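Inside the fold
Spelled out from the first residue to the last, the chains are:
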Amino acid sequence: MKKFAIVAFMLSLLLALSACAETIKVGSSIDFPPYEYYDDETGDIVGIEIDIIHKIGEALGMDVEVQDMQFDSIIAAVVSGKVDVGVSGFTVTEERKQNVDFTTTYTTAKQSVIVTNDSPIQSVDDILNPENSWKIGVQIGTTSDLYITDDIDALGLPSTVERFNKSPDTVVALNSGKVDCVIVDDQVAIHFVQANEGLKLLDTAYVLEDYAFCFPKESPLYEDFNAALEALMADGTVQSIIDQYIVAE
Ligand code: ARG
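Treat the numbers as computed from the prediction; the structure is a model and nothing was measured. (Residues numbered from 1 in each chain as written. Predicted model: local features only at pLDDT ≥ 70, side-chain atom pairs only at ≥ 80, totals over all residues. Heavy atoms only, no water.)

This brings us to the packing of aromatic side chains. Scanning the entire structure with this criterion turns up 8 aromatic pairs. A ring pair is formed by Tyr106 and Tyr211, whose centres lie 6.4 Å apart and whose planes are at 45 degrees; its orientation type is tilted. With Tyr106 in the loop between β6 (100-102) and β7 (107-116) and Tyr211 in strand β12 (residues 207-211), this residue pair connects regions lying 105 residues apart in the sequence. Pairing Phe215 with Tyr222 gives two aromatic rings, centres 5.5 Å apart and planes at 85 degrees, and the pair type is edge-to-face. This pair shows no difference in class: Phe215 is buried, exactly as Tyr222 is. (Phe/Tyr/Trp six-rings, centres within 6.5 Å; stacked < 30°, edge-to-face > 60°. Helix = DSSP H or I, 4+ residues; strand = E, 2+ residues; numbered from the N terminus. Buried < 20%, exposed > 50% of the residue type's maximum accessible area, 1.4 Å probe, protein only.)

So this is what it looks like as structure tokens:
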């Protein structure tokens, strides 16, 4: 009887402990190498931001659970509390800041343009020239989408924006001639060009941007999370993770 009581006590303690082990719920679109993607061989979710978020989890003594979702639904998932944080190559923008709080910027990026080797598009100016009409491929809801949509409006360009759910879908469309170019963040663009024959990057970048993670307003996790991120930036961990995935030219 005594034994049974001890086992029961241990079990209830275990249950109580597991309820305490808090989890950081992460919303991410796992289609964005080298930041977040599925490893071809293991099928695991890997990448720069995945490694950073696990380090932050370790620092805070919390588990990390990554949910793969469509990019354009992550901010809504963050705002509604379905996930605690958006970790998805997020660019800090004034518009997004109205709905979410961004952490400290941990790296920068550039919007870049991918074309086929034989493309008539030679520069960003060719894209912004009102005499040309192009089909421009972007991932829906990304800054690539927002910026080019704004430019087309502002400059009265005849070009159209073709929007795709997942980032690699844009490259499939470029390969099959459904779009004339793809706008996407530079490191992802470099990855796609390396993985697909017959594609190249334009020399000039389209827009420069800052990356950060996004939280709902007044999240109780924000301060600790951001402090852990800043500590990992200060001690060189973030840079060494980036260096593992991005080999400097
Ligand atoms: N940096 C861009 C943005 O914030 C693109 C991010 C796309 N991320 C992704 N995991 N597909 O809109």
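Here the focus is the site of the ligand. Gly89, Thr91, Arg96, Thr143 and Asp185 are the nearest of the 16 residues found near the ligand. A distance of 2.7 Å separates a nitrogen atom of the ligand from a polar backbone atom of Gly89. Here a nitrogen atom of the ligand sits 2.6 Å away from a polar atom, N or O, in the side chain of Asp185. Contact with the protein chains removes 100% of the 350 Å² of surface that the ligand exposes when unbound. (Near = heavy atom within 4 Å. Polar contact = N/O pair within 3.5 Å; in protein donor to acceptor, adjacent residues only side chain to side chain. Areas by Shrake-Rupley, 256 points an atom, 1.4 Å probe, with all protein chains shown as cover.)

All right, on to the environment of Tyr211 then. Of the residues examined, Tyr211 reaches a relative accessible area of 0% and is grouped as buried. When the C-alpha atoms of Tyr211 and Thr93 are compared, they prove to be 9.6 Å apart, with 118 residues separating the residues in sequence. Reaching out from Tyr211, the side chain makes a polar contact with the side chain of Asp185 at a distance of 2.5 Å.

On to the nonpolar core. One finds Ile52, Val85, Tyr106, Ile114, Phe213 and Phe225 to be the most contacted residues of the largest nonpolar core, which totals 39 residues. Only β1 (23-28), α2 (48-60), β7, α7 (167-175), β10 (181-185), α8 (186-195), α9 (222-234) and α10 (237-245) provide two or more residues apiece to this core. Counting residues per element, this core draws most heavily on α9, at 5 residues. Setting aside chain neighbours within four positions, we find Phe213 in contact with Glu49, Ile52, Val85, Gly86, Val87, Asp101, Phe102, Thr103, Tyr106, Phe225 and Leu229. In this structure, Val113, Val115, Val138 and Ile183 belong to the second largest nonpolar core, which totals 16 residues. (Core = buried A, V, L, I, M, F, W, Y, C linked by side-chain atoms within 4.5 Å. Contact = heavy atoms within 4.5 Å.)

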